[in-house]
Amino acid sequence: MQWSPEAEEAIQKVPFFVRKRVRARLEKEARKAGVPQITLAEVKATQQRYLSGMAAEVKGYRLETCFGPSGCPNRIDAGDHLAGRLETLLEKADLLSLLRRRVGPDLKFHHEIRVALADCPNACSQPQIKDIGIIAACLPQITAAECSGCEACVQSCQEDAVRVDTDGPRPLIDPARCCACGQCVQACPTGTLAEGAKGYRVQLGGKLGRHPRLARELPGIYDAETVLAIIQACLEIYRRRSRHGERLGALLTPTDFEDFARRFAPLDHTV
Ligand code: SF4
Ligand code: SF4
Ligand code: SF4
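Bear in mind that the values here come from a model prediction, so they are computed numbers and not experimental data.

K.L.:
Can you lay out the packing of aromatic side chains for me, pointing to particular residues and giving the numbers?
P.N.:
With the rule as written, the count across this model stands at one aromatic pair. The ring centre of F257 lies 4.3 Å from the NZ or CZ of R216, which sits over that ring.

This is the structure:
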């Protein structure tokens, strides 16, 4: 869809928390009307309609994903269709009814539970500032396959987490530096580095607003089923403790994090 320069400038000024949705709405309406280009007048009209009807647009949760599935080369695909399963879980949870009971009918977008799924540690969907953030992760595993000493793995690692011991040669991974992006595995031509634990990191309780806070990460990498179970546990806490639409981060305690770490086992992994 084409945008006039004035329309493009105007959409950048729409508040960030509704910008994506206003843009999507504009493109949908323009396609439906057979309009070839979006102009400034259409941006203003749609923004006005959108903001005045906000309560009707609130659905209780907001799931944001990154552009990984559109062909991003950094994407870690665990092949478990987690995005769709998250949407189903959140829809079934009927958070809208809960919010209406706790907050009242005049709901705003900032009342919604925000969940973000990023398909690699670059975290383009900003999981660190969401109630629930999920980051796809792939840890490298050193196999018995002969290493050529080419150092492609070293070149590919942005974290300086790989080095090659020339006595062998053999790759060495520093787990304290590795953020599980899987790039060294992609780069290795011999299979000496292969995929180890592949799943998701989970971060809870991030938020912006008056008292911004980055989400706190649970220890380890989890498979999709465990991620969904963790989210269910978070929603149970939210249902029990929310009084007026607080952010999840304001409701979780350090004891909850300890409890989650006990209840939910991460994937086994040794480099
Ligand atoms: S988070 Fe990673 S996979 Fe997703 S769009 Fe960003 S770089 Fe690509
Ligand atoms: S998976 Fe770890 S070691 Fe490999 S490139 Fe990414 S950060 Fe570096
Ligand atoms: S582990 Fe793979 S990429 Fe790294 S030096 Fe050996 S062969 Fe090359």
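K.L.:
Any chance you could break down the nonpolar core for me, citing the residues and the numbers?
P.N.:
Within the largest apolar cluster, 57 residues are counted, with the highest numbers of intra-cluster contacts made by L82, L95, I134 and L204. It is helix α9 (residues 224-241) that provides the largest number of residues to this core, a total of 10 residues. Sequence-distant contacts of L204, that is, excluding residues within four places in its chain, are made with D131, I132, A215, R216, L218, C234, L252, F257 and F260. Membership of the second largest hydrophobic core comes to 10 residues, among which are V164, I173, V185 and C188.

K.L.:
Break down the pattern of salt bridges for me, with residues and values.
P.N.:
By the definition in use, this model includes 17 salt bridges. Of the charged contacts in the structure, one is a salt bridge between R75 and D119, with a shortest N-O distance of 3.0 Å. Of this pair, R75 sits in the loop between β3 (61-65) and α5 (82-92) while D119 sits in the loop between β4 (113-118) and β5 (132-142), placing them 44 residues apart in sequence. Judged by its relative accessible area of 32%, R75 falls in the partly exposed class. Under the relative-accessibility criterion, D119 is labelled buried at 8%. Among the ionic contacts, a cluster of salt bridges with common partners joins R75, D77 and D119.

K.L.:
Can you explain unusual backbone geometry? Please cite residues and give values.
P.N.:
Here the amide bond leading from G168 into P169 is cis, since omega sits at -15 degrees, within 30 degrees of zero. Tracing the backbone through its elements, the reader meets P169 in the loop between β6 (162-165) and β7 (170-173). For A123, which is not glycine, the phi dihedral falls at a positive 55 degrees. When you line up the elements, A123 lands in the loop between β4 and β5. Its identity is not glycine, yet D160 carries a phi of approximately 55 degrees, on the positive side. Of note, D160 is situated in the loop between α7 (152-156) and β6.

K.L.:
Lay out the site of ligand 2 with the relevant residues and their values.
P.N.:
Surveying the vicinity of ligand 2 reveals the residues P140, C157, E159, A161, V162, C178, C179, C181, G182 and C184. Its residues placed into classes, the shell around ligand 2 shows eight nonpolar, one polar and one charged.

K.L.:
I'd like a description of the packing of α5 against α9, backed by residues and values.
P.N.:
In contact at an axis separation of 11 Å, α5 and α9 are set at 25 degrees when each is read in the N-to-C sense. Our classification of the angle between α5 and α9 gives roughly parallel. Regarding α5 and α9, the two cross each other, and that crossing is right-handed. Contacts from L82, R85, L86, L89 and L90 of α5 reach α9 at A224, E225, V227, L228, I231, Q232 and L235.

K.L.:
Describe the site of ligand 1, and please don't skip the residues or the numbers.
P.N.:
Around ligand 1, the structure places C66, F67, G68, C72, N74, R75, D119, C120, N122, A123 and C124. Among the residues making up the shell around ligand 1, the classes are represented as six nonpolar, three polar and two charged.

K.L.:
I'd like a rundown of the side chain of E27, residues and numbers included.
P.N.:
Turning to its location among the elements, E27 is positioned in helix α2 (residues 16-33). For the buried residue E27, which engages in no salt bridge, the nearest side chain bearing the opposite charge is R23, 4.1 Å off. The contact partners of E27, leaving out residues within four places of it in the chain, are M1, W3 and I38.

Calculation rules
- Residues numbered from 1 in each chain as written.
- Chains lettered and ligands numbered in written order.
- Predicted model: local features only at pLDDT ≥ 70, side-chain atom pairs only at ≥ 80, totals over all residues.
- Heavy atoms only, no water.
- Phe/Tyr/Trp six-rings, centres within 6.5 Å; stacked < 30°, edge-to-face > 60°.
- Lys NZ or Arg CZ within 6 Å of the ring centre and 35° of its normal.
- Core = buried A, V, L, I, M, F, W, Y, C linked by side-chain atoms within 4.5 Å.
- Buried < 20%, exposed > 50% of the residue type's maximum accessible area, 1.4 Å probe, protein only.
- Helix = DSSP H or I, 4+ residues; strand = E, 2+ residues; numbered from the N terminus.
- Contact = heavy atoms within 4.5 Å.
- Salt bridge = Lys/Arg side-chain N within 4 Å of Asp/Glu carboxyl O.
- Near = heavy atom within 4 Å.
- Nonpolar A, V, L, I, M, F, W, Y, C, P; charged D, E, K, R; others polar.
- Axes fitted to C-alpha atoms, helices over the stretch in contact; angles between N-to-C directions.
- Parallel < 35°, antiparallel > 145°, perpendicular 65-115°, else oblique.
- Left-handed = near helix turned anticlockwise from the far one by under 90°.
- Lys, Arg positive; Asp, Glu negative; His and termini not counted.

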